[in-house]
Amino acid sequence: MADNNVVLMQGNEACVEGALIAGMKFYAGYPITPSTEIAEISASKLPKIGGKFIQMEDEIASISAVIGASLAGNKAMTATSGPGFSLKQEGIGYAIIAEVPCVIVNVQRGGPSTGLPTSPAQGDIMQARWGTHGEHSIIALCPSTVKEVLDVTIRAFNLSEKYRTPVIILMDEVVGHMREKVELPNPSKIEIYNRKKPTSSPDDYMPYKVKDGDIVPEMPSIGEGYRYHVTGLVHDEYGFPTNDSSIAEKLITRLVEKIESNLDDIVEYEEYRLADADEAIIAYGSTARSAKSAINLLREKGRKIGLFRPITIWPSPKQQIEILAKKVKRISVIEMNLGQYYLEIDRIAGKYTNVTKYGSVNGELISPDEIISFIEED
Amino acid sequence: MKEIKNDKLIIEKNLCKGCGICVAFCPKNVLEIKDKKVSIRDLDSCIQCGLCELRCPDYAIYLGGK
Amino acid sequence: MVSKLIDKYYRTDRLPHIWCTGCGNGIVLRSIVKAIDNLGLNKDDICVVSGIGCSSRASGYLDFNTVHTTHGRALAFATGIKFSNPNLHVIVITGDGDCAAIGGNHLIHAARRNIDITTVVFNNNIYGMTGGQYSPATPTGDKGTTAPYGNIDYNFDLCELAKAAGATYVSRSTIYAANMIIKQVEEGIKNKGFSFIETLTICPTYYGRKNSKGNAVDMVTHLKDSAVNISAYEKLSEEEKANRIPIGELYKRNRPEYTEKYESMMKLF
């Protein structure tokens, strides 16, 4: 493929493009607006590259099949929207405790419930973090351009393989359905990460022991002679169920720490016109696009305002937000909900600066004018 | 711990939970329950049909060599 | 010290297993392993996938690739495993609650696809792990902790359900007729499609006690007396059939298998 292979591409399509570059070989999903194109395109492209697509009977079956395929050695993905994302939570929790790499795309739509199926929203932010039960950590990435959907999807696979964890991609209907110019990367130039295979023989292999210097246990595929046990129960380093409290403490803490203590590697963000700013907007996904326009217009009126855009929503960019909070006199969190990520930003920045929020749940993109009038209100 | 060192019918007492299924369905009445564990009552009648091994839920009784 | 069969196929350091005195699950499990031994399959190619419940602790005891999944979802996990690597022999171990209540949707769709998975249901007519609630297999009128005045539900005929959904091998047996379970699991594994094997097992601790069915021996005797081979069953009059249970190979047909169909489609490219 030529280096500057420029195409006009839909966000949902870019997600599949990125997944294929990352090495996706298995997709299981269920139709749901506004994510269905991801399933359709996977269905047409996967068999051509020796991969497999299956439409399952519901979203619970989809996440379950994805986990099964990953255990069998495949990079696997599923995509959905709010209602399906709710159904997948228990499965996501299983992938967390059994440390099974997989990618779950949530093309958010208006909620709750059936809500506004064809309208954008960002109402699943906290669900992405705490949707599944029990103590855990999670990685959730949020692209705001079609090209970035492709990049973020590759990164989601790489992070899921590296940290042996499910990774959530939070898009919304706008990012999913809009088309933009995309310069397709040359796959041979993209760094692709694969799960670490066992270095020990099957006899001394311990499926859930982390070797010195590693972040996660080595992971063979079903059928490679390691015959180990995978369970959703708290388990010891041999993979077998245990109620031992110290083992439970150690396991769950390790599962959280493997993500929370690697923020430098996991956290990604964009700063736009922040260098000399004395106030800032924090926005992500499609809302960040409006924020940039608003910032340009406000700058013309002399306001020194910039954008901090988290691409990694979870784990949140705590250090960077703290630094920002100490620098600016006000942070405005703009999102298509009534203040969800605001809670995280306020928790981090509230002790250093004035944190305000503006949100809407009307199924419409937040426009630059709305942002400008909100910023100029105070 | 095996009760009788024979290779006809072997009992693993620590696995037996005393359910009595093997005793009840042994066609030759070879077995009995003693202190909640299976034990051999009459080894000579055992025809090594293997029904005890077939129906032992705990793998506590099995045929030895032929 | 255990028998050669148990020693070869079980993670013997995990024994004794957790099942109660007189529970039939150990009998079914041994039968599955005997079938695998008879077929001479390679342990590395076998993947046993189980759900949640007493039955589904079985996967932990077997020296195969084993996955103990979430409640009701074993078949969906197994579909992901089998579909992505058809060379594996995928066996699902599930209970009556696990496969027909919470897992019902995955059961009928796995059968509909006719994907090559051998599903063995440990049907003990109750939710044992959670302490004796009635399940979709509990006979009408029987008691459970959540049916203290008698179960008003009508219970599934699991085999008819699997057959209607599209399974291409359907059979039933009892732990009394464990030799038949062995034979049926062999046939199920050999069947290139969705095989559904219902094994009637017993739960003296809850189903037995709650419904005064006596001890383990009484419950096995009941299975022995009520089961009748399908060929003889069909000759019985309607009222003779009333409290008899047909066992044996109940249904078999040939239909293209799911992973093979997809792979032949892949050859187009």
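Read on for an overview of the structure.

Next up on the list: the sheet that holds strand β12 (residues 305-310) of chain A. Working definition: the strands of a sheet are paired by backbone hydrogen bonds and lie parallel or antiparallel to each other. Residue and element names in this part refer to chain A. On the basis of which strands lie adjacent, the open sheet formed by five strands has the order β10-β12-β11-β14-β15 and mixed pairing. Looking along the sheet, the strands with just one partner apiece sit at the ends: β10 (269-272) and β15 (354-359). Across the sheet, the axes of successive neighbouring strands diverge by a mean angle of 20 degrees, strand direction being ignored. Direction of pairing for strand β14 (residues 330-335) relative to β15: parallel, over a ladder of six bridges. Residue serine 332 lies in a different strand from β15, and its bridge partner there is threonine 356.

Contact with chain C, which involves 38 residues of that partner, is made by 36 residues of chain A. Summed over both partners, the interface of chain C with chain A buries about 3200 Å², with 60% contributed by carbon and sulfur atoms. Notably, a salt bridge pairs lysine 52 of chain A with glutamate 263 of chain C, separated by 2.8 Å at the nearest N-O pair. Listing elements by their share of the side of chain C that touches chain A, those giving two or more residues are β2 (65-68), α3 (74-84), α5 (104-113) and α12 (258-266) of chain C. Among the elements that make up the side of chain C that touches chain A, the one with the highest residue count is α3 of chain C (seven residues).

Moving on, we get to the pairing of strand β8 (residues 195-200) of chain C. Residues and elements named next belong to chain C. Within β8, six of the six residues are buried, which leaves it mostly tucked inside the rest of the structure. Of the two faces of β8, the one carrying Ser195, Ile197 and Thr199 and the one carrying Phe196, Glu198 and Leu200 are both buried. Here strand β4 (residues 117-123) runs beside β8; their pairing, made up of six bridges, is parallel. Within β8, the position partnered with asparagine 123 by the bridge is leucine 200. Bridge analysis of strand β7 (residues 169-174) against β8 gives six bridges, and the strand direction is parallel. Considered in β8, the bridge of valine 170 is made with phenylalanine 196. Between β7 and its parallel partner β8, the chain crosses via helix α7 (residues 178-190), and the hand of that crossover is right-handed.

In this structure, Met77 and Val105 of chain A together with Val49, Phe194 and Phe196 of chain C are the most contacted members of the largest nonpolar core, which totals 127 residues. The element best represented in this core is helix α7 (residues 146-163) of chain A, accounting for nine residues. When residues of this core are assigned to domains, at least three fall in each of domain 1 (5-189) and domain 2 (269-377) of chain A. Dropping the residues within four chain positions of it, valine 49 of chain C is found in contact with Val67, Thr69, Ala74, Phe77, Ala78, Ile81, Val90, Ile91, Val92 and Ile93 of chain C.

What follows concerns the pairing of strand β8 (residues 179-183) of chain A. Sheet faces and side chains relate simply in a regular strand, where the side chains alternate between the two faces. Residue and element names in this part refer to chain A. Covered by surrounding structure in β8 are Glu180 and Val182 only, the residues Arg179, Lys181 and Glu183 on the alternate face being uncovered. Pairing analysis gives five bridges linking strand β1 (residues 6-10) to β8, with the strands arranged antiparallel. Within the sheet, the bridge partner assigned to valine 7 lies in β8 and is valine 182.

We now examine a nonpolar patch on the surface. On the surface, a nonpolar cluster with roughly 320 Å² of combined accessible area is contributed by Met265, Leu268 and Phe269 of chain C. Note that leucine 268 of chain C resides in the segment after α12.

Quick look at the interface of chain B and chain C now. Frequently, the measure chosen for interface size is the accessible area removed from exposure when the parts meet. Listed per partner, the contact involves 17 residues of chain B and 29 residues of chain C. For the pairing of chain B and chain C, the buried interface totals around 2000 Å² over both sides, and the portion due to carbon and sulfur atoms is 66%. A per-residue breakdown of the area chain B buries against chain C is headed by Lys17, Leu54 and Tyr59 of chain B, which together make up 36% of the total. For the pair chain B and chain C, the number of links is one salt bridge. Close ionic contact of arginine 30 of chain C with glutamate 53 of chain B constitutes a salt bridge, the shortest N to O distance being 3.4 Å.

So, about the packing of aromatic side chains. Under the counting rule described, the total for this entry stands at 15 aromatic pairs over all chains. Where phenylalanine 26 of chain A meets phenylalanine 83 of chain C, the ring centres are 6.1 Å apart and the plane angle is 70 degrees; that geometry is what we call edge-to-face. Taken together, the residues phenylalanine 26 of chain A in strand β2 (residues 24-29) and phenylalanine 83 of chain C in helix α3 connect one chain to another. The pair formed by phenylalanine 26 of chain A and phenylalanine 83 of chain C is uniform in burial state, with each residue classed as buried. Between phenylalanine 83 of chain C and tyrosine 258 of chain C, the ring centres sit 5.5 Å apart and the planes meet at 50 degrees, which makes this aromatic pair tilted. Of this pair, phenylalanine 83 of chain C sits in helix α3 while tyrosine 258 of chain C sits in helix α12, and the two are 175 residues apart along the sequence. Overall, phenylalanine 83 of chain C belongs to the buried group, its relative accessible area being 0%. On the basis of relative accessibility, which here comes to 21%, the residue tyrosine 258 of chain C falls in the partly exposed class. Joined through ring pairs, the aromatic side chains of Phe26 of chain A together with Phe83, Tyr258 and Tyr262 of chain C make up one cluster. Taking NZ or CZ as reference, lysine 52 of chain A lies 5.4 Å from the ring centre of phenylalanine 83 of chain C, over its face.

Time to look at helix α6 (residues 158-165) of chain C. Residue and element names in this part refer to chain C. Among the residues of α6, Leu158, Cys159, Ala162 and Ala165 are the ones counted as buried. The buried residues of α6 all sit within an arc of 135 degrees when viewed along its axis, so they share a single face. Next to the buried residues of α6 lie α4 (96-102), α5, β4, β7, β8 and β10 (245-252). At the N-terminal end of α6, a side-chain oxygen is found 3.0 Å from the backbone nitrogen of cysteine 159, two or three residues along, and the residue is aspartate 157. One or two positions beyond α6, positive phi appears at glycine 166, with a value near 130 degrees.

Another point: the packing of α3 of chain C against α5 of chain C. All names here are of chain C. Packing of α3 against α5 brings their axes to within 8 Å, and their N-to-C directions diverge by 35 degrees. Between α3 and α5 lies a crossing of left-handed hand. On the side of α3, the interface is formed by Leu75, Ala76 and Thr79, while α5 contributes His106, Leu107, Ala110 and Arg113. For the contact of α3 with α5, the residue count by class is four nonpolar, two polar and one charged.

Under the counting rule described, the total for this entry stands at 40 salt bridges over all chains. Between lysine 43 of chain C and aspartate 63 of chain C there is a salt bridge, with the nearest N and O atoms lying 2.7 Å from each other. With lysine 43 of chain C in the loop between α2 (25-39) and β1 (46-50) and aspartate 63 of chain C in the loop between β1 and β2, this residue pair connects regions lying 20 residues apart in the sequence. Neither residue differs from the other here; lysine 43 of chain C and aspartate 63 of chain C are each classed as buried. Linked through salt bridges whose partners overlap, the residues forming this network are Glu148, Glu270, Lys292 and Arg309 of chain A.

Residue and element names in this part refer to chain C. Roughly 700 Å³ of volume is contained in the largest pocket. What lines the largest pocket is a set of 29 residues, and nearest its centre among them are Asn125, Pro139, Asn155, Leu200 and Ile245. Going through the elements one at a time, β8, α9 (216-226) and β10 are the ones with two or more residues in the lining of the largest pocket. Looking at the lining of the largest pocket element by element, the count peaks at five residues for α9.

Rules behind the numbers
Residues numbered from 1 in each chain as written. Chains lettered and ligands numbered in written order. Predicted model: local features only at pLDDT ≥ 70, side-chain atom pairs only at ≥ 80, totals over all residues. Heavy atoms only, no water. Pairing = 2+ DSSP bridges. Helix = DSSP H or I, 4+ residues; strand = E, 2+ residues; numbered from the N terminus. Axes fitted to C-alpha atoms, helices over the stretch in contact; angles between N-to-C directions. Contact = heavy atoms within 4.5 Å. Buried area = accessible area lost by both parts, 1.4 Å probe. Salt bridge = Lys/Arg side-chain N within 4 Å of Asp/Glu carboxyl O. Buried < 20%, exposed > 50% of the residue type's maximum accessible area, 1.4 Å probe, protein only. Right-handed = clockwise from strand over helix to strand, strands pointing away. Core = buried A, V, L, I, M, F, W, Y, C linked by side-chain atoms within 4.5 Å. Domains from an automatic or database assignment. Patch = residues over 30% accessible without salt bridge, like charges linked within 9 Å, V, L, I, M, F, W, Y side chains within 5 Å. Areas by Shrake-Rupley, 256 points an atom, 1.4 Å probe, with all protein chains shown as cover. Phe/Tyr/Trp six-rings, centres within 6.5 Å; stacked < 30°, edge-to-face > 60°. Lys NZ or Arg CZ within 6 Å of the ring centre and 35° of its normal. Arc of directions from axis to C-beta. Polar contact = N/O pair within 3.5 Å; in protein donor to acceptor, adjacent residues only side chain to side chain. Left-handed = near helix turned anticlockwise from the far one by under 90°. Nonpolar A, V, L, I, M, F, W, Y, C, P; charged D, E, K, R; others polar. 1 Å grid on protein atoms, 1.4 Å probe; cavity = no way out; pocket = protein on both sides within 12 Å on 5 of 7 lines; lining within 4 Å. Points joined across faces, edges and corners; volume = space filled by probe spheres on them.

Such coordinate-based values are descriptive only and should not be taken to indicate function.
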